[in-house]
Amino acid sequence: MTLQWAAVATFLYAEIGLILIFCLPFIPPQRWQKIFSFNVWGKIATFWNKAFLTIIILLIVLFLVLRRLVTLITQLAKELSNKGVLKTQAENTNKAAKKFMEENEKLKRILKSHGKDEECVLEAENKKLVEDQEKLKTELRKTSDALSKAQNDVMEMKMQSERLSKEYDQLLKEHSELQDRLERGNKKRL
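Residues numbered from 1 in each chain as written. Predicted model: local features only at pLDDT ≥ 70, side-chain atom pairs only at ≥ 80, totals over all residues. Heavy atoms only, no water.

Focus on the side chain of Thr 93
Position of Thr 93 relative to the elements: it lies in helix 3 (residues 39-113). Thr 93 sits in the buried class, given a relative accessible area of 8%. Beyond its immediate stretch of four places on either side in the chain, Thr 93 contacts Leu 136, Glu 139 and Leu 140. (Helix = DSSP H or I, 4+ residues; strand = E, 2+ residues; numbered from the N terminus. Buried < 20%, exposed > 50% of the residue type's maximum accessible area, 1.4 Å probe, protein only. Contact = heavy atoms within 4.5 Å.)

Focus on the packing of aromatic side chains
Applying the stated criterion across every chain, the model contains two aromatic pairs. Note on Phe 11 and Trp 48: the rings are 6.1 Å apart at their centroids and 20 degrees apart in plane angle, and the pair reads as stacked. With Phe 11 in helix 1 (residues 2-22) and Trp 48 in helix 3, this pair connects stretches of sequence that are 37 residues apart. Phe 11 sits in the partly exposed class, given a relative accessible area of 31%. Overall, Trp 48 belongs to the partly exposed group, its relative accessible area being 40%. Both rings, one in Phe 11 and one in Phe 52, keep their centres 5.8 Å apart while their planes meet at 35 degrees; by these two values the pair is tilted. One end of the pair, Phe 11, is in helix 1; the other, Phe 52, is in helix 3, with 41 residues separating them in the sequence. The exposure class assigned to Phe 52 is partly exposed, which follows from its relative accessible area of 32%. Grouped by ring-pair contacts, the aromatic residues Phe 11, Trp 48 and Phe 52 constitute a single cluster. (Phe/Tyr/Trp six-rings, centres within 6.5 Å; stacked < 30°, edge-to-face > 60°.)

Overview of the pattern of salt bridges
Summed over all chains, the structure comprises one salt bridge. For Asp 153, the salt bridge goes to Lys 149, with nearest N and O atoms at 3.7 Å. Residue Asp 153 and its partner Lys 149 are both found in helix 4 (residues 116-189); the two are separated by four residues, about one turn of the helix. Accessibility expressed as a relative area gives 22% for Asp 153, which makes it partly exposed. Taking the relative accessible area as the measure of exposure, Lys 149 reaches 53% and is therefore exposed. (Salt bridge = Lys/Arg side-chain N within 4 Å of Asp/Glu carboxyl O.)

Observations regarding the nonpolar core
If you look at the biggest cluster of nonpolar residues, it comprises five residues: Leu 72, Leu 76, Val 154, Met 157 and Leu 164. Taken together, the elements giving at least two residues each to this core come down to helix 3 and helix 4. Top contributing element to this core by residue count: helix 4, with three residues. Here Leu 72 is in contact with Met 157, Gln 160, Ser 161 and Leu 164, once residues within four sequence places are set aside. (Core = buried A, V, L, I, M, F, W, Y, C linked by side-chain atoms within 4.5 Å.)

And the structure:
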């Protein structure tokens, strides 16, 4: 990417320098007219127009590819952060479910060892714990589904990123081939 910026900056600095030379007050316009009337400038102008258009098209394509790549990287980063959050939520829910299941087992043991009066109270508490357990299981399923969806999204983003990278490499290869053809064509003309 720095090569691209360096080429653009070099072109702009050269253009500024040339404009400053044209604006020098001690060189009259008649002398510039004589210099520009040489036949060599006409031949260079046709080549320069084609080269300029090629460079402009190449820069436009590279900036479109760069924009898409930045977008994909941003989306991938968001999905990875979402994946981490969902994973911790799933782990916390799983721990809470295990805790409630252990408490339920303890209550069952206590129920067997205590009398009938306490049995009714413990039975009500047991029902409540079972309901809580079911709620936690459904929450665990939801977070597990969300985690798997996030993982699928991350994989999809990785595949898109790889495809974009291959397209970028192909465009660079085509660009170098076009430049080689253009240079060979210019050598044949000269």
